[in-house]
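# Breakdown of the fold
So you can see what is in the structure, the chains are spelled out below.
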Amino acid sequence: MKSVAVLKKPKMITGVNSFECSFDAKSINESFARLLVSAFVSQLDPTVADMTDLKTAVSEAVTNCIVHAYRDREKYKNARVYLSGVYFPDGTVSITVKDKGCGIDDIKQAMEPLYTTSPSDERSGMGFTVIAGLSDKLKVSSDVGKGTTVTIEKKVFGG
Amino acid sequence: MYVNYETEGKTLTVHLYGELDHHYASLLRVEVDARIKREKPKELLLELTNMVFMDSSGLGFIMGRLRKMQKNEGTMMLVNPNRAVERMINMAGIDKFIKIIRKESVTK
Ligand SMILES: Nc1ncnc2c1ncn2[C@@H]1O[C@H](COP(=O)(O)OP(=O)(O)O)[C@@H](O)[C@H]1O
Ligand SMILES: [Mg+2]
């Protein structure tokens, strides 16, 4: 299992509240995922800016599952995205986006700005850069042929 | 996501409403490119006053249309992007290639 943590590992304290779900890896569900995360995070009464940052980061990770992880649609009959979240007493939100798709061979390279394996599809290659820029912590772990897990952490402040 | 178009001389304005993600970017790209092909504008304005959300798929869409306009020796501008959208543009470093303008009243 290869793993690259941009910053420190997410901390292990019991959360105040958590959710877990999965949905079909269909592009129409990108907005569904954002809505779910908004509804969950709104319990913390965050600022509009923090909410937008989290929605954007989650949108990136979910889109990557749909666009990249299951790009060989023939191979993955039951392509699903696994989304879960937890928040802690200090206002730290941790969202995990997981797929059981093709995996990433070189995570470091994948995370470089402008790097994309689908330029013809008008991918900007900025997904991971955007997540890293908008969150406090980002952790990516992947197993080729098994899938990828992305964990995004951000402390939100009451609005 | 909702879109409408306005043509004035050689300027094509695309008014975008709602959330621009990968799902809508791939639909929008086909539509906007068909317009560009038909009208051959010299200037493309993306009017974003009411575009409330965009992720890096939106960046891909903007960069793609910019490349297309440059190839046709035309220009492209963004009108009234919100702060989050403008920050995405800066993050991608495409603020050097694309002009951002502010307009008080935008017709649709
Ligand atoms: N969940 C995933 N499964 C497989 N490959 C992925 C996944 N997420 C990202 N990648 C790889 O990392 C690259 C960079 O991702 P990203 O920064 O989001 O840019 P983009 O999506 O525009 O290509 C992708 O082009 C793809 O090759
Ligand atoms: Mg991406």
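The structure contained in this document is the topic of the report that follows. Owing to the predicted nature of the structure, the values given are computational and were not obtained by experimental measurement.

What counts, and where the lines are drawn
- Residues numbered from 1 in each chain as written.
- Chains lettered and ligands numbered in written order.
- Predicted model: local features only at pLDDT ≥ 70, side-chain atom pairs only at ≥ 80, totals over all residues.
- Heavy atoms only, no water.
- Axes fitted to C-alpha atoms, helices over the stretch in contact; angles between N-to-C directions.
- Helix = DSSP H or I, 4+ residues; strand = E, 2+ residues; numbered from the N terminus.
- Parallel < 35°, antiparallel > 145°, perpendicular 65-115°, else oblique.
- Left-handed = near helix turned anticlockwise from the far one by under 90°.
- Contact = heavy atoms within 4.5 Å.
- Nonpolar A, V, L, I, M, F, W, Y, C, P; charged D, E, K, R; others polar.
- Pairing = 2+ DSSP bridges.

## Topic: the packing of helix H2 (residues 48-69) of chain A against helix H4 (residues 127-134) of chain A
All names here are of chain A. For the pair H2 and H4, the least separation of the axes is 9 Å and the interaxial angle reads 150°. With respect to H4, the axis of H2 lies roughly antiparallel. Note on packing geometry: the crossing formed by H2 with H4 is left-handed. Judged by residue contacts, Asp 53, Thr 56, Ala 57, Glu 60, Ala 61 and Asn 64 of H2 engage Gly 127, Phe 128, Val 130, Ile 131 and Leu 134 from H4. A per-class count over the contact of H2 with H4 returns six nonpolar, three polar and two charged.

## Describing the sheet that holds strand E3 (residues 43-54) of chain B
Residues and elements named next belong to chain B. Within the open sheet, the five strands sit side by side as E1-E2-E3-E4-E5. Their pairing is mixed. Bordering the open sheet on either side are strand E1 (2-8) and strand E5 (99-101), each of which pairs with just one other strand. Averaged over all pairs of adjacent strands, the angle between their axes in this sheet comes to 25°, without regard to strand direction. Here three bridges tie strand E4 (residues 75-79) to E5, and the two strands are oriented parallel to one another. Its bridge partner lying in E5, Val 79 is registered against Ile 101. The sheet strands contacting helix H2 (residues 56-71) are strand E2 (11-20), E3 and E4, and the helix crosses E3 at an angle near 175°. On the sheet, helix H3 (residues 83-91) packs against E3, E4 and E5 and is oriented at approximately 120° with respect to E3.

Keep in mind these numbers describe shape, not what the thing actually does.
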